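Tertiary structure, described
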There are 2 protein chains.
Amino acid sequence: MNTAILLYDRVTALDAIGPYEVLSRVPGNTVQFVAAQPGEVRTDNGMLALVAERSIEDVAAPEIVLVPGGPGEVAARAGGAVLEWLRAAHERTTWTASVCTGSLILAAAGILTGKRATSHWLALEELGRLGAVPVSERVVFDGKIVTAAGVSAGIDMALALAAKLAGEETAQAIQLGIEYDPQPPFDAGSPDKAPAAIVELLSARSRFPAAAQGAPAARA
Amino acid sequence: MNTAILLYDRVTALDAIGPYEVLSRVPGNTVQFVAAQPGEVRTDNGMLALVAERSIEDVAAPEIVLVPGGPGEVAARAGGAVLEWLRAAHERTTWTASVCTGSLILAAAGILTGKRATSHWLALEELGRLGAVPVSERVVFDGKIVTAAGVSAGIDMALALAAKLAGEETAQAIQLGIEYDPQPPFDAGSPDKAPAAIVELLSARSRFPAAAQGAPAARA
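Residues numbered from 1 in each chain as written. Chains lettered and ligands numbered in written order. Predicted model: local features only at pLDDT ≥ 70, side-chain atom pairs only at ≥ 80, totals over all residues. Heavy atoms only, no water.

**A look at the relation of the copies chain B and chain A**
Its rotation angle being 180°, the transformation that places chain B on chain A also includes 0.0 Å of axial translation and leaves an RMSD of 0.0 Å. What the rotation and shift describe, once combined, is the action of a two-fold rotation axis. Across chain B, the smallest distance between a C-alpha and the rotation axis is recorded for Leu50(B), namely 2.5 Å. Of the interface residues in chain B, 100% have counterparts in chain A that sit at the interface too, so the contact is made through matching surfaces. (Least-squares fit on C-alpha atoms with pLDDT ≥ 70 in both. Contact = heavy atoms within 4.5 Å.)

**What to know about the pairing of strand β2 (residues 30–35) of chain B**
Residue and element names in this part refer to chain B. Within β2, five of the six residues are buried, which leaves it mostly tucked inside the rest of the structure. Relative to β2, strand β1 (residues 2–6) is paired through five bridges, and the arrangement is parallel. Paired with Asn2 across the two strands is Thr30, which belongs to β2. Handedness of the crossover joining β1 and β2 through helix α1 (residues 13–23) is recorded here as right-handed. Pairing geometry for β2 and strand β5 (residues 54–55), over two bridges, is parallel. Considered in β5, the bridge of Val34 is made with Arg54. (Buried < 20%, exposed > 50% of the residue type's maximum accessible area, 1.4 Å probe, protein only. Helix = DSSP H or I, 4+ residues; strand = E, 2+ residues; numbered from the N terminus. Pairing = 2+ DSSP bridges. Right-handed = clockwise from strand over helix to strand, strands pointing away.)

**A word on the side chain of Arg77(A)**
Residue and element names in this part refer to chain A. Secondary-structure assignment places Arg77 in the loop between α2 (73–76) and α3 (81–92). Arg77 sits in the buried class, given a relative accessible area of 17%. Reaching out from Arg77, the side chain makes a polar contact with the side chain of Glu73 at a distance of 2.5 Å. Sequence-distant contacts of Arg77, that is, excluding residues within four places in its chain, are made with Leu83, Leu104, Ile105, Ala108, Glu126, Leu130 and Phe208. (Polar contact = N/O pair within 3.5 Å; in protein donor to acceptor, adjacent residues only side chain to side chain.)

**So, the environment of Val51(B)**
Position of Val51(B) among the secondary structure elements: in strand β4 (residues 49–52). Among the residues examined, Val51(B) registers a relative accessible area of 5% and is labelled buried. For the pair formed by Val51(B) and Leu7(B), sequence separation is 44 residues and the distance between their alpha carbons is 8.6 Å. Not counting the four nearest positions on each side in its chain, Val51(B) is found in contact with Glu40(A), Leu48(A), Ala49(A), Val51(A), Leu7(B), Phe33(B), Gly39(B) and Glu40(B).

In structure tokens form, the structure reads like this:
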């Protein structure tokens, strides 16, 4: 089994590393980080570089493809070799996965047309404009496609995927190994739960115009 | 404000990247990845390299130091320049933090002697042998030292720390930004909750002899 995690300039680190920490522990699964060109890839805030060991050309037919999100998704979905690679790879994958705004890249590649999918809560309307059927859930399966909500949701998605790949016991052993018994100090992790002023602040700063104009809290 | 996250060969990626994703979003905080030598650092399973941009010598007095865990902690706590750097840096930090078995490195540097601290559930007895007062909680504050339980606990720790650095509203905005509304598909993230057979399996495979001989489930 092999998994290719796509990296690109200004990817969000946790989108990639959360699922990586889970999927790299699935027995027999080799995870490779790939990018249009191999080498160091700078993450979204510029403070960290991850290494893509291989180019997308070198990993033509991964069984699992995972696309993380991040502000660099705008450039990534503008076209070119990455979208072509995704389209071709998806034809042969067992699972095609995304985290956060990685689903916008899958949608731009035409992979999500008419499919139920999710994304970062600020990007759900954009996801719909790109042809998917947006669903406000943490992890959404549609056939062999699995998409996760924002950033940290990739951990939940990867555990659900690990159960499908290797069984529930293995997924639970991975969960215990990474001591994933989350205890956030606040209950502010979704727009339904966070204080309205914070939802409005993030909506106003969003790069997605629909979110900025019609945030959930503003509509309520 | 600046934060140094220590990297070393065979570090666990999520131990470092979970807190990084939170702390890099604290306004005014610059995060630097440091190592004994700058350059690519291979993580625990060999499938990923993170880049340490600076050497520890270049970052002598960070306000916040964070030490992630991973199987490479055994070599890291064997002595040398890293422990000396930690001891000297800790004299001047505002906060000294660890995730998972990173606390064993802090303990080996003498920083946790007599202090309440936590670690990965399999490493709590080892933490006690190294002079700390082990506490089985997800996030433990003792003065300016904050330690987190295994791997994924670094996200919870970093949100608690972000609240102390920048206030609860900012921490909540970060939580909403990374959509940290965890929904694990299983409730197996701690030895108290996971099936006994899985606790025993991980205990038997543990590199910590006390854990292998007297796992919580085996004692129960």
